[in-house]
Amino acid sequence: MTSDAALTEAETFYLNDYTPFGFEVDSVELTFRLAPSATRVLSKIRFTPKPGATDLRFFLHGEKLKLISAKIDGTDATPDLTAEGLTCEVPETSFLWEAEVEIDPAGNTALEGLYMSGGMYCTQCEAEGFRKITYYPDRPDVMSIFTVRIEGDEEVLLSNGNPVSQSQGLAEWHDPWPKPAYLFALVAGDLVNHPDTFTTQSGKEVELNIWVRPGDEDKCAFGMEALKKSMTWDEEAYGREYDLDIFNIVAVDDFNMGAMENKGLNIFNSSCVLASPETSTDANFERIEAIIAHEYFHNWTGNRITCRDWFQLCLKEGLTVFRDAQFTSDMRSASVKRISDVIDLRARQFPEDQGPLSHPVRPEEFQEINNFYTATIYEKGAEIIGMLKRLVGDAAYRKAVDLYFDRHDGQACTIEDWLQVFEDSTGRDLAQFKRWYSQAGTPRLKVAESYEDGSYTLTFEQSTAATPGQPQKDPRVIPIALGLLNGNGDEVQPTTVLEMTEAKQSFTFDGLASKPVPSILREFSAPVILERATSSAERTFLLAHDSDLFNRWEAGNTLAREARIDMVLEGAAPDAAYLEALQKLVRDDSLDPAFRALVLQPPSQSDIAQTLYERGVTPDPQKIYDAAETLAQTLAQQLADSLPRLYAETTVEGAYSPDAASAGKRALNARVLTLLTRLDGGEQAARQYASADNMTQQYAALSWLLQAENGAAQSHAFFEQWRGDRLVMDKWFALQVALATPEKAAAVAKDLTRHELFTLKNPNRFRAVMGALAGNHAGFHHASGAGYQLLADNLIVLDSLNPQTTARMCTAFQTWKRYDADRQALIKMQLQRIKSTTGLSRDTNEMVSRILDA
């Protein structure tokens, strides 16, 4: 039996409609008989009606399944099938449901459920992929113990939990910890492992493996060390010990996301676990370290305690992003990590929060949950955890989190459960703080100041613009970390946290000898937009003297932004005071090279466009690009005497190491090299490319040569050297588009889509080209509209293959309302063309509709 019914028109789901599933799932036994186009899945699931349940309708999710048979307590059953699942009459007491279905992994290009990647079987079940494997109540609050039997010809057969038995063509796995279906995983393939062990704080030895395709064994060592560091850190920082006998990671080439925290069997996008000095940059190493930590930390914040429903997604993701940021801060530089995170937050989450895709950290409604794996859920969710920790203090935070683990282990929880443990352990009322979860939008914080007779007063006023479905906003609790400096740069008020609770609120500091210079929002203590009129002189002063490295960077970043804006609007020359201050800072060898590299990194062109838009000015992408080029050229000339020395001093000698200190020096070296290239036409970059023995230096040299339009020979050589390495080829594809001049970007991208190594079916390769195009601000927004049309053309084709990746790439259009009428018309035309596509997926339809409703 199979259902040919089309999926119904998109249904909207509401937080307030939550109803528990009417049955307990006591146990789950699955048997997989693997075949590429006709895998059979046999399920035996014991259900027991819940006492007092209000809804005992027996509904199991299921999509694109061919039902072979169904039984209840051994007797044939005839369920009613729809495109979304099945219903069936069931006993009023405990019963055994048995079903056999057939699925087509080889034909599953959506990469959800069970699918094939390079001859390997693998799964992706979050959020709702398990329903494409068998009939089941596929919702996160249904947790059960799984036993899995896999029958197949592959050498390696893996699933969740601990191995029970293994022989040729057969493996059985048992997971003793109850889990929702979205954490189910299966991998089968001819793989090789990089093995190791870890001894927990209680003395238990855990077997560790990273499984890869033959030929990738030499790219696993760093990932394994990152895993062991993560396990140690979670024991020391949170008291969380690993709870199975084995921990497996598998590298998969075709994967929609970065990685997945399936219990005991993490499945990773290959780009997020495979690394070697020859093929990976410093940025790749740091990202891999962070993602491995993130997925491992989910073992407790996501797996042992999961979400009651998908509206609570931020409960596991925001908390775990915060934990992986803590980990990276401890492994590397806390200040550099914080600055990098804020750059990312402002680039991705702030535009989302101020545009048509704005939604609360805990949404109240959705049509397609895949569309809510957003920067708001993840990054803003993490910022909320950080604010909560700052407000209650380190010790109280740890006490509350310990209570959370003790009270809710093995449960599917809500934001209310999370906040309740803080209220119970600290005595604080968090009702107002909870608004961070329920109100969308980025608060703006206006600041006024006054000084009289030794008393300095700061008056803050908060406001949040209307967002879709939320015209009015109530005041939030905002922790404002503040320090005060005197005219010599000495701190007269060390960092203190002001707790703002009103729409307008003043704070006074007495006993000051002179009017101080405020350092506001130290460490970026809240995800808000600070509005305070400051002079170039004050920013230069803070850049030179602020003891808080984040605000020191912020001062330089603001100087650079204002200089660029003046150049765009008034045709002004680059700000001489900024250039002089930057010159002094870059030469300051007492500062972390990674920090100096970040100060040399200018605000993005999209950042400038957003700032202009917020000030009521329609941004011109070409003028923004031209100003960026002029400022960079002027900076290179200003630093001309220092650049050769800086380049020599930051060149790392000896064998490559991805440690933080070496990576920081190479980051500064790369920033220096891009400036040198503007002066010497690429001579030093060509020498570096020729002598480079690691990808960080080779890639940096190639980047700046291409930017100087003097790297054709090296680009060809790079391609020939690395054409057999799919991850390095992703870098090559992306670089061609990212560094193309505005008038050429769309054409370069279009040519690459015809390249023999380009494929729409691999998300990494698709994002390498189309993501790079969307990120080339002036190129994507070229007045011709060619970038818009090319992206739309590819999204229309991809949607029938992979709706999830298509929908996420639609976010490239979310800022369309900030541009001029001609560009808006061109973008709207492409959005409407996408929306009118016959058979458009629910994922993409929802995203395009929301963007068009701006």
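Since the model is a prediction, treat every value here as computed from it, not as a measurement.

A. Seen up close, the overall build of the protein chain. Scanning the protein chain for helices and strands turns up 27 helices and 31 strands. Its C-alpha atoms give the protein chain a radius of gyration of 28 Å, within 12% of the compact-globule value 29 Å for 854 residues. The dimensions of the protein chain, computed from C-alpha atoms along their principal axes, are 85 × 65 × 60 Å. Taken over 854 residues, the protein chain has a buried fraction of 59%. Sequence-distant contacts in the protein chain: of pairs separated by 6 or more residues, those separated by 24 or more amount to 70%. Counting only carbon and sulfur atoms, one obtains 48% of the accessible surface of the protein chain, whose full area is about 32100 Å². Each charge class in the protein chain can be summarised by its mean position, and for the 82 positive and 124 negative side chains these summaries are 3 Å apart.

B. How the structure looks around the confidence of the model for the protein chain. The predicted model of the protein chain has a mean per-residue pLDDT of 97, with 99% of residues at 70 or higher. Segment residues 1–8: pLDDT under 50, and 17 contacts once partners within four positions in sequence are set aside and those in other chains are kept.

C. Summary view of the sheet that holds strand β8 (residues 85–87). What the three strands build is an open sheet, ordered β4-β8-β7; its pairing is antiparallel. Each having just a single partner strand, β4 (59–61) and β7 (80–81) make up the two edges of the open sheet. Note that β4 and β8 share three bridges and pair antiparallel. Of the residues in β8, the one forming a bridge with Leu60 is Leu86.

D. Molecular detail of helix α16 (residues 660–680). Counted at 1.5 Å a residue, the expected span for α16 with its 21 residues is 30 Å, and the 30 Å between its end C-alpha atoms agrees. Positive phi appears at Gly681, one or two residues downstream of α16, with a value of about 70°.

E. Structural context of helix α18 (residues 695–707). Across its 13 residues, α18 extends 18 Å between first and last C-alpha, which sits within 8% of the 18 Å expected from 1.5 Å per residue. The element α18 is extensively covered by neighbouring structure, given that 11 of its 13 residues are classed as buried. Met695, Thr696, Gln697, Gln698, Ala700, Ala701, Leu702, Ser703, Trp704, Leu705 and Leu706 are the residues of α18 that are buried. Elements in contact with the buried residues of α18: α2 (282–297), α16, α17 (683–691), α19 (712–722) and α20 (726–738). With a side-chain oxygen positioned 3.2 Å from the backbone nitrogen of Thr696, the residue opening α18 is Asn694.

F. Inspection of a negative patch on the surface at higher detail. Together, Glu217, Asp218, Glu278 and Asp693 make up a region of like negative charge exposed at the surface. Position of Glu217 relative to the elements: it lies in the loop between β18 (205–212) and α1 (221–238).

G. Quick peek at the side chain of Asp138. With respect to the secondary-structure elements, Asp138 resides in the loop between β11 (120–124) and β12 (144–151). Residues within four places of Asp138 in sequence aside, it is in contact with His61, Ala127, Glu128, Gly129, Phe130, Arg131, Ala181 and Tyr182.

H. Representation of the nonpolar core in the model. Ranked by internal contacts, the top residues of the largest apolar core, which has 158 residues, are Trp97 and Trp418. Element by element, the count of residues in this core is highest for helix α5 (residues 375–392), at nine residues. Beyond its immediate sequence surroundings of up to four residues, Trp418 is in contact with Leu315, Leu319, Ile385, Leu388, Val401, Tyr404 and Tyr437. Residues Ala581, Val672, Leu735 and Ala768 belong to the second largest nonpolar core, which totals 105 residues.

I. Representation of the sheet that holds strand β25 (residues 444–452) in the model. Taken in spatial order, the four strands line up as β29-β26-β25-β31 in an open sheet, and their pairing is mixed. Every other strand in the sheet has two partners, leaving β29 (504–509) and β31 (529–531) as the edge strands with one partner each. When the angles between neighbouring strand axes are averaged without regard to direction, this sheet yields 25°. In this sheet, β29 lies alongside strand β26 (residues 455–463) in antiparallel orientation, the contact comprising six bridges.

J. Inspection of the packing of helix α12 (residues 593–600) against α16 at higher detail. Look at α12 against α16: their axes get within 7 Å of each other, and the N-to-C directions meet at 35°. For the pair α12 and α16, the crossing hand works out as left-handed. Contact residues: Pro593, Ala594, Arg596, Ala597 and Leu600 in α12; Gly664, Lys665, Ala667, Leu668, Arg671 and Leu675 in α16. Considering only residue class, the contact of α12 with α16 consists of seven nonpolar, one polar and three charged.

K. Quick look at the pattern of salt bridges. Using the criterion set out here, one finds 59 salt bridges in the structure. The shortest N-O distance in the salt bridge between Arg532 and Glu449 comes to 2.9 Å. Of this pair, Arg532 sits in the loop between β31 and α9 (536–545) while Glu449 is found in strand β25, placing the two residues 83 residues apart along the sequence. Linked by salt bridges that have partners in common, Arg213, Asp216, Lys219, Asp253, Asp725 and Arg726 make up one network.

L. Spatial organisation of the packing of aromatic side chains. Taken as a whole, this structure holds 45 aromatic pairs when the rule is applied. Taking the centre distance of 6.3 Å and the plane angle of 80° together, the rings of Phe23 and Phe47 count as edge-to-face. Taken as a pair, Phe23 in strand β2 (residues 23–33) and Phe47 in strand β3 (residues 39–49) lie far apart in primary sequence, 24 residues in all. Measuring from ring centre to ring centre gives 5.4 Å for Phe130 and Phe184, while their planes differ by 75°; the resulting arrangement is edge-to-face. In this pair, Phe130 sits in the loop between β11 and β12 while Phe184 sits in the loop between β15 (170–179) and β16 (186–189), placing the two residues 54 residues apart along the sequence. Overall, Phe130 belongs to the buried group, its relative accessible area being 0%. In this arrangement the basic side chain of Arg476 is found over the ring face of Trp436, its NZ or CZ atom lying 4.8 Å from the centre.

M. Quick peek at the pairing of strand β5 (residues 66–72). Across six bridges, the pairing between β5 and strand β9 (residues 95–103) is antiparallel. Within β9, the position partnered with Ala70 by the bridge is Ala99. As judged from the two bridges shared by β5 and strand β6 (residues 75–76), these two strands associate in the antiparallel manner. For Lys71, the partnering residue across the bridge sits in β6 and is Asp76. Hairpin connection between β5 and β6: a loop of two residues separates the two successive antiparallel strands, and Asp73 in this loop has a positive phi of roughly 50°.

N. A look at the environment of Leu760. With respect to the helices, strands and loops of the structure, Leu760 is situated in the loop between α21 (745–753) and α22 (763–775). Leu760 sits in the buried class, given a relative accessible area of 18%. Leu760 sits 423 residues away from Lys337 along the chain, and the two C-alpha atoms are 33 Å apart. When neighbours within four sequence positions are excluded, Leu760 is seen to be in contact with Phe766, Asn794, Val797 and Leu798.

Criteria and thresholds
- Residues numbered from 1 in each chain as written.
- Predicted model: local features only at pLDDT ≥ 70, side-chain atom pairs only at ≥ 80, totals over all residues.
- Heavy atoms only, no water.
- Helix = DSSP H or I, 4+ residues; strand = E, 2+ residues; numbered from the N terminus.
- Rg over C-alpha atoms; globule rule 2.2 N^0.38 Å.
- Buried < 20%, exposed > 50% of the residue type's maximum accessible area, 1.4 Å probe, protein only.
- Contact = heavy atoms within 4.5 Å.
- Areas by Shrake-Rupley, 256 points an atom, 1.4 Å probe, with all protein chains shown as cover.
- Lys, Arg positive; Asp, Glu negative; His and termini not counted.
- Charge placed at Lys NZ, Arg CZ, Asp CG, Glu CD.
- pLDDT = per-residue confidence, 0-100.
- Pairing = 2+ DSSP bridges.
- Expected span 1.5 Å × (residues − 1).
- Polar contact = N/O pair within 3.5 Å; in protein donor to acceptor, adjacent residues only side chain to side chain.
- Patch = residues over 30% accessible without salt bridge, like charges linked within 9 Å, V, L, I, M, F, W, Y side chains within 5 Å.
- Salt bridge = Lys/Arg side-chain N within 4 Å of Asp/Glu carboxyl O.
- Core = buried A, V, L, I, M, F, W, Y, C linked by side-chain atoms within 4.5 Å.
- Axes fitted to C-alpha atoms, helices over the stretch in contact; angles between N-to-C directions.
- Left-handed = near helix turned anticlockwise from the far one by under 90°.
- Nonpolar A, V, L, I, M, F, W, Y, C, P; charged D, E, K, R; others polar.
- Phe/Tyr/Trp six-rings, centres within 6.5 Å; stacked < 30°, edge-to-face > 60°.
- Lys NZ or Arg CZ within 6 Å of the ring centre and 35° of its normal.

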